Amino acid sequence: MKRITVNNPHLLYPISIFGGLAVWEIIARSLPRTLLAPPTAVGLRLWEMIGDGSIPVALASSLQHMLAGYLLAVLVAVPLGIALGRSPSLSVALDPVLNAIYAIPSVAFIPFLIVWFGLYFEGRVALVFLMCFFEILMNVQQGVRDIDRGLLDAGHSLQARGLTFFWLVLLPASLPFIFTGLRVGIGRAVNAMITAELFFAAVNLGKLMKVSGNAFDTASLFAVIFVVSVLGLIGQETVGWLDRRLLTWHHRDIA
Amino acid sequence: MSEKRKWTLRMVGIGSFLALWEVMGRLMGDALFAPISSMVAVYPSLIEENNMLVELAKSLQHLIYGYALGCVVGITMGIAMGRSKIFEGLLQPWVSMLFATSIASLVPLFMILFGFGLAFRVAIVFMSAVWYVLLNTFHGAKGINPELIQTGRAFDARPAQIFFLILLPGLYPYILVGMRNGLAHSIRAMVIAEMYVIVGFGSVVFNTGLEVSTAPLLGALVTIMFVGIAGLESLRWIGRKTAPWYEAEKGHP
């Protein structure tokens, strides 16, 4: 028989979640209602907003610019990351410039993006692209640089050249790092999605937040924050799941 | 690759970027994308008329409050979670959830909770830094080689000695990586919060963004870039100076 100990996570996690919610509930009830909504009110509000369609409709259109920007970033950043990872001269030459641009907070580019792409869909896509691009690029570049040399040498000694080398040796060896980049990138994409909706013309989930914020409706604010966080977690889990399903050979090796 | 060749390549990279910026800027015009020469020309007025350095100093002061608080709380909670299964179990679900929460989505809520002033900015910066410091410290504390601690016990070390002489030096590289990630995210979060409520350095970015010419906006961007690089490099320098074993750095991404 398995003995249940005090430090069993199966026991501690529910205690943590319900304990935390209880503390929040008690604090919220002692404060003015407009300041901090209790979790029961947040749960109720979330249920209502899903039921009346406001969250599902907003989420569906939020996902459009998120996915568009993310896919564009993947298409540009992955090949560039592989190239930079493979060519030491190229990466030494470009690293200072890339690191410098990366050090600028992406939101600070928003006035530019508004001038170039406007306040609507294109502007939001551009921000998502910008925020994902560097994250994916840095991860892919770092990973490709660290590919096991033996693997590449084996490919060369078996006369793999050009495209054959790329498809059969380089790409499979890079895939685990590409997936790391994709997973970190999707988290950034969700951040960028909500940032864009708050800083460009307010639409979708961002509009829900602005309207609830102006009305001091913290229950609705928490409901939207919760939806955005869960979306981020689902995105990362999905990429992680794809990674484990597609790259079975890699996970078998490191297991 | 020799050091000399590396430096040549870096100079070529930076030089061609600056040249490209100038050429693109002249082709596109100040309204769309100002060349570097226009930016340099307006930079003094950015300091005099937009009070950029004064606003930046105020913002950085608030950033340091929030960041320092985040480091203290993150390190304490990280060690507690790494060394005690009970703390780990009790805090893990909330830490994972809050780590996944986008800072931008918290801004409207924090405005209601904390107003527009000092507390608001400190809270936003705190929330952006604390989880990176915490998770890195946690992974470091969890991975400390138990043999080191057993050796300490065998030599009759007191718990305080084990903590300060074995645990902290082992954790130090992890804490520094966490503090570096935390600082990078703090700067981003500060700009997000300040651009939303239009105060401090964020107001400089916002206001220069409204001008016809993009030259002052580029000046603000270049300034925050140098601030970020200087902050991260000084943390790296402190790491190398205070802990030579730091070179074997590891960390939670």
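Everything quoted here is computed from the prediction, not taken from an experiment. (Residues numbered from 1 in each chain as written. Chains lettered and ligands numbered in written order. Predicted model: local features only at pLDDT ≥ 70, side-chain atom pairs only at ≥ 80, totals over all residues. Heavy atoms only, no water.)

## Comments concerning the overall build of chain B
- When you go through chain B residue by residue, the secondary structure sums to ten helices and zero strands.
- On the principal axes, the C-alpha backbone points of chain B span a range of 70 × 55 × 25 Å.
- Within chain B, buried positions represent 47% of all 253 residues.
- The long-range fraction of contacts in chain B, counting pairs at least 24 apart against all pairs at least 6 apart in sequence, stands at 74%.
- Taken as a whole, chain B presents about 12200 Å² of accessible surface, with 69% of it coming from carbon and sulfur.
- For chain B, the centre of its 18 positive side-chain charges and the centre of its 14 negative side-chain charges are spaced 11 Å apart. (Helix = DSSP H or I, 4+ residues; strand = E, 2+ residues; numbered from the N terminus. Buried < 20%, exposed > 50% of the residue type's maximum accessible area, 1.4 Å probe, protein only. Contact = heavy atoms within 4.5 Å. Areas by Shrake-Rupley, 256 points an atom, 1.4 Å probe, with all protein chains shown as cover. Lys, Arg positive; Asp, Glu negative; His and termini not counted. Charge placed at Lys NZ, Arg CZ, Asp CG, Glu CD.)

## Description of empty space enclosed by the protein
- Under the defined criterion, the tally for this structure stands at one cavity of 30 Å³ or more.
- Roughly 70 Å³ of internal volume is contained in the largest cavity.
- What lines the largest cavity is Ile101(A), Tyr102(A), Ile104(A), Ser106(A), Phe109(A), Leu130(A), Met131(A), Phe134(A), Arg188(A) and Arg188(B).
- Contributing elements (two or more residues each) for the lining of the largest cavity: α4 (88–102) and α6 (121–145) of chain A.
- If you tally residues by element for the lining of the largest cavity, the top one is α6(A), at three residues.
- Looking at side-chain class alone, the lining of the largest cavity contains seven nonpolar, one polar and two charged residues. (1 Å grid on protein atoms, 1.4 Å probe; cavity = no way out; pocket = protein on both sides within 12 Å on 5 of 7 lines; lining within 4 Å. Points joined across faces, edges and corners; volume = space filled by probe spheres on them. Nonpolar A, V, L, I, M, F, W, Y, C, P; charged D, E, K, R; others polar.)

## Thoughts on the interface of chain B and chain A
- At the junction of the two partners, chain B supplies 47 residues and chain A supplies 52 residues.
- Carbon and sulfur atoms supply 81% of the area buried between chain B and chain A, which totals about 4300 Å² over both sides.
- Taken together, the connections running from chain B to chain A amount to zero salt bridges.
- Joining chain B to chain A, the criterion identifies seven residue pairs in polar contact (both at pLDDT 80 or more). (Buried area = accessible area lost by both parts, 1.4 Å probe. Salt bridge = Lys/Arg side-chain N within 4 Å of Asp/Glu carboxyl O. Polar contact = N/O pair within 3.5 Å; in protein donor to acceptor, adjacent residues only side chain to side chain.)

## Considerations on the nonpolar core
All names here are of chain A.
- Ranked by internal contacts, the top residues of the largest apolar core, which has 140 residues, are Tyr70 and Ile136.
- Ranked by the residues each element gives to this core, the list is headed by helix α8 (residues 162–199), at 17 residues.
- Not counting residues within four places of it along the chain, the set of residues in contact with Ile136 comprises Tyr70, Ala73, Val74, Ala77, Val78, Gly181 and Gly185. (Core = buried A, V, L, I, M, F, W, Y, C linked by side-chain atoms within 4.5 Å.)

## Overview of the side chain of Glu197(A)
Residue and element names in this part refer to chain A.
- Considering the arrangement of structural elements, one finds Glu197 in helix α8.
- Here Glu197 sits buried without a salt bridge, and the closest side chain of opposite charge, Arg124, lies 4.9 Å off (N-O distance).
- At 3.2 Å, the side chain of Glu197 forms a polar contact with the side chain of Asn204.
- Of the polar contacts made by the side chain of Glu197, one reaches the backbone nitrogen of Leu205; its length is 3.3 Å.
- Beyond its immediate sequence surroundings of up to four residues, Glu197 is in contact with Ser62, His65, Arg124, Ala202, Val203, Asn204, Leu205 and Gly206.

## Some thoughts on the packing of helix α1 (residues 3–28) of chain B against helix α2 (residues 36–48) of chain B
All names here are of chain B.
- Two elements in contact, α1 and α2, have axes separated by 7 Å at closest approach and are oriented at 90°. As far as their axial angle goes, α2 and α1 are roughly perpendicular. From α1, Leu18, Trp21, Glu22 and Arg26 reach across to α2, where they touch Ile36, Ser37 and Met39.
- A breakdown of the residues in the contact of α1 with α2 according to their chemical character gives four nonpolar, one polar and two charged. (Axes fitted to C-alpha atoms, helices over the stretch in contact; angles between N-to-C directions. Parallel < 35°, antiparallel > 145°, perpendicular 65-115°, else oblique.)

## Here's the deal with the layout of surface pockets
- When its volume is computed, the second largest pocket comes out at roughly 1200 Å³.
- In this structure, the second largest pocket is lined by 34 residues; those nearest its centre are Trp24(A), Phe222(A), Trp94(B), Leu98(B) and Met127(B).
- At the level of elements, α1 (9–30), α2 (39–51) and α10 (218–246) of chain A together with α4 (85–99), α5 (103–114) and α6 (118–142) of chain B are the ones that each hand at least two residues to the lining of the second largest pocket.
- For the lining of the second largest pocket, the class distribution of residues is 30 nonpolar, four polar and no charged.

## A closer look at helix α5 (residues 110–117) of chain A
- Every buried residue of α5(A) is accounted for by Ile110(A), Pro111(A), Phe112(A) and Leu113(A).
- Check the buried side of α5(A) and you find it contacts α6 and α8 of chain A together with α8 (159–197), α9 (200–210) and α10 (215–242) of chain B.
- Gly118(A), located one to two residues past α5(A), shows a positive phi value of around 85°.

## Looking at the packing of aromatic side chains
- Enumeration according to the criterion identifies 15 aromatic pairs over all chains in this entry.
- Taking the centre distance of 5.6 Å and the plane angle of 70° together, the rings of Phe199(A) and Tyr196(B) count as edge-to-face. Remark: Tyr196(B) occurs in helix α8 and Phe199(A) occurs in helix α8; the pair is interchain, linking two chains. Tyr196(B) shares its class with Phe199(A); the two are buried.
- Among the aromatic residues, ring-to-ring pairing joins Phe112(A), Trp116(A), Phe117(A), Phe17(B), Trp21(B) and Phe33(B) into one connected group. (Phe/Tyr/Trp six-rings, centres within 6.5 Å; stacked < 30°, edge-to-face > 60°.)

## Regarding a nonpolar patch on the surface
- Among the surface-exposed residues, Val115(A), Trp116(A), Phe117(A), Leu20(B), Val23(B), Met24(B), Leu27(B), Met28(B) and Leu32(B) lie close enough to one another that they form a single nonpolar patch of about 810 Å² accessible area.
- Elements supplying a minimum of two residues to the nonpolar patch: α5 of chain A together with α1 of chain B.
- Per-element accounting of the nonpolar patch gives the leading share, five residues, to α1(B).
- Among the secondary structure elements, Leu27(B) is positioned in helix α1. (Patch = residues over 30% accessible without salt bridge, like charges linked within 9 Å, V, L, I, M, F, W, Y side chains within 5 Å.)

## Some words on the pattern of salt bridges
- If you walk through the whole model with that rule in mind, you get eleven salt bridges over all chains.
- A salt bridge links Glu88(B) to Lys142(B), with the nearest nitrogen and oxygen atoms 3.0 Å apart. Taken together, the residues Glu88(B) in helix α4 and Lys142(B) in helix α6 connect sequence positions 54 residues apart.
- Arg121(B) is the salt-bridge partner of Glu194(B), the closest N and O atoms lying 2.7 Å from each other. Of the two residues, Glu194(B) is situated in helix α8 and Arg121(B) in helix α6; the sequence distance between them amounts to 73 residues.
- For Glu194(B), a relative accessible area of 0% puts it in the buried group.
- What you see here is one network of salt bridges that share partners, running through Arg45(A), Glu48(A) and Asp217(A).

## Examining the environment of Ala157(B)
All names here are of chain B.
- As for its position among the elements, Ala157 is in the loop between α7 (146–154) and α8.
- A residue is classified by how much of its surface remains accessible, and Ala157, at 25% relative accessible area, is partly exposed.
- The contacts of Ala157, once residues within four sequence positions are left out, are Gly152 and Ile162.

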